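# Overview (structure and organization)
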Amino acid sequence: MSTIEQRFLDKLGDNWDGATPGLKVQAFHRGRKIIDVRAGQTYRYYDFASLTKIIFTTTAFMALYDEKRFRLSDPVSRWVSWFPEDHPATIKDLLSHSAGLTWWYPFYKDVHPRASKMKTPEEAWDVFQLVFKTHVVSDLKKASLVWPPEKSVYSDLDFFMLGIALESITGTTLYTTWADLRDRLELPDVDFHRNNRPLHARAKYAPTEKDSAWRKKTMQGEVHDENTWALKGVAPHAGLFGTIDDLSGYGLLLRGAMRGSGSRVFPSAETIAKFTRRSIPAKRGDWALGFMTPTKGGSSCGIHFSPKSVGHTGFTGTSFWYDPERDLLVSILSNRVNPTRENTKFLKVRPLIHDLITQLL
């Protein structure tokens, strides 16, 4: 163990204890790995949760933007046939969580009874779209719409809509788009668990929540998010599993592109620059396109990361952040929802980890 790793663990102490059963942390400074540590009970594979929004859906849109397959100003109705044509929301609004949609809805309650006997995620996705359409159109009709919305609302529904648009733009399924992107990014171990079947032995996966209310088991190797589980494991907002090296590998690809020395496998530096800079006024929210930017005084990346930083978090206790000014990348994997999501202590641990690392540089 290096000196900086030992100093980090000494400063972290037992602050993580009681917040999560275990965690893994990696940090890269100027492209060089300086921290690779673990605490508590850890596993090889973790449920990435909403990091899926970045690694899959946002990156897919960046690649398509490079290819000029769509415009950020395209109205949602251009790519989603049933979306109201008189609604002003654009693809950019969806990516910046500024489309005025509800943050979440328990679609699984309607989807699972209809999709449980279907054989593929693609069949379940077709069922979901019927449920989703009914709910969204009803919401838009009921809403007294003020445009643009006064505040951005972090919404899974935005990414469901992006998933529908993604299929329309590409002419293929979500999973096919992901499989092509995964191979392009050279992240072979990152994948969805189709039909909620783990790719490896369950014991290799960090357990998440003990779901006694619905699924009647502790989730391990099966996606924690209920809506994704009802979709048989494949969704545009959650569902990817992977390792800490995979997460940092993606972050390093992003770092290279942001610094203008990107790999040929990643979207261009020009596209990355557009997607990673603030896309809405600060009074409305802290979003680039798909990526989070730091919220002053209350960010998951702590108080020292610069305003130009970008990243994302996952509900299960995952995150990555990159600060281009410090050239610092921090990746975190945990299973903080085990045994229950009601334990929110990790919300204080995550920014502390980033603060401690920046103080050690």
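Preceding this paragraph is the structure being described.
This section reports on the structure supplied with the text. (Residues numbered from 1 in each chain as written. Predicted model: local features only at pLDDT ≥ 70, side-chain atom pairs only at ≥ 80, totals over all residues. Heavy atoms only, no water.)

### Concerning the overall build of the chain
Across its full length, the chain carries 12 helices and 10 strands. In summary, the chain has a C-alpha radius of gyration of 20 Å against a globular reference of 21 Å for 361 residues, a match within 12%. Oriented by its inertia axes, the alpha-carbon framework of the chain measures out at about 60 × 45 × 40 Å. Scored against the burial criterion, the 361 residues of the chain give a buried share of 60%. Taking the contacts inside the chain whose residues are at least 6 apart along the sequence as the reference set, 66% of them involve residues at least 24 apart. Looking at charge distribution, the chain has the averaged site of its 49 positive side-chain charges lying 1 Å from that of its 40 negative ones. (Helix = DSSP H or I, 4+ residues; strand = E, 2+ residues; numbered from the N terminus. Rg over C-alpha atoms; globule rule 2.2 N^0.38 Å. Buried < 20%, exposed > 50% of the residue type's maximum accessible area, 1.4 Å probe, protein only. Contact = heavy atoms within 4.5 Å. Lys, Arg positive; Asp, Glu negative; His and termini not counted. Charge placed at Lys NZ, Arg CZ, Asp CG, Glu CD.)

### Concerning the packing of helix α1 (residues 3–12) against helix α12 (residues 346–360)
As a packed pair, α1 and α12 sit with axes 10 Å apart at the nearest point and diverge in direction by 135°. By the angle class used here, α1 and α12 are oblique. Seen from above, α1 lies across α12 with right-handed handedness. Here Ile4, Arg7, Phe8, Lys11 and Leu12 of α1 lie close against α12, whose contacting residues are Leu352, Ile353, Leu356, Ile357 and Leu360. Split by residue class, the contact of α1 with α12 holds 8 nonpolar, no polar and 2 charged. (Axes fitted to C-alpha atoms, helices over the stretch in contact; angles between N-to-C directions. Parallel < 35°, antiparallel > 145°, perpendicular 65-115°, else oblique. Left-handed = near helix turned anticlockwise from the far one by under 90°. Nonpolar A, V, L, I, M, F, W, Y, C, P; charged D, E, K, R; others polar.)

### Description of the pattern of salt bridges
One pass over the full model with this rule turns up 18 salt bridges. Arg69 is paired through a salt bridge with Glu67; the nearest N and O atoms lie 3.1 Å apart. By relative accessible area, which is 35% here, Arg69 ends up partly exposed. Residue class for Glu67 comes out partly exposed when judged on its relative accessible area of 43%. As a salt-bridge pair, Arg278 and Asp286 come within 2.9 Å of each other at their nearest N and O atoms. In this structure, a network of salt bridges that share partners links the residues Arg71, Asp74 and Arg78. (Salt bridge = Lys/Arg side-chain N within 4 Å of Asp/Glu carboxyl O.)

### Quick word on the environment of Val190
Among the secondary structure elements, Val190 is positioned in the loop between α8 (174–185) and β4 (191–192). The exposure class assigned to Val190 is buried, which follows from its relative accessible area of 1%. For the pair Val190 and Phe48, spaced 142 residues apart in sequence, the C-alpha to C-alpha distance is 9.3 Å. Here Val190 is in contact with Phe48, Trp178, Arg182, Leu240, Phe241 and Asp246, once residues within four sequence places are set aside.

### Concerning helix α10 (residues 244–258)
If you check α10, its first and last C-alpha atoms are 21 Å apart, about what 15 residues at 1.5 Å a residue would give, namely 21 Å. Buried residues dominate α10, accounting for 11 of its 15 residues. Among all positions in α10, only Ile244, Asp246, Leu247, Ser248, Tyr250, Gly251, Leu253, Leu254, Arg255, Gly256 and Ala257 are buried. Positive backbone phi, at 75°, marks Gly260, one or two positions downstream of α10. (Expected span 1.5 Å × (residues − 1).)

### Things to note about unusual backbone geometry
Look at the link from Asn338 to Pro339: it is a cis peptide, with omega at 5°. On the secondary structure map, Pro339 appears in the loop between β10 (328–334) and α12. Of note in this structure, His97 is not a glycine but carries a positive phi near 55°. Structurally, His97 is set in the loop between α4 (91–95) and α5 (108–115). Positive phi outside glycine occurs at Lys232, with the angle close to 65°. With respect to the secondary-structure elements, Lys232 resides in the loop between α9 (226–230) and β7 (240–242).

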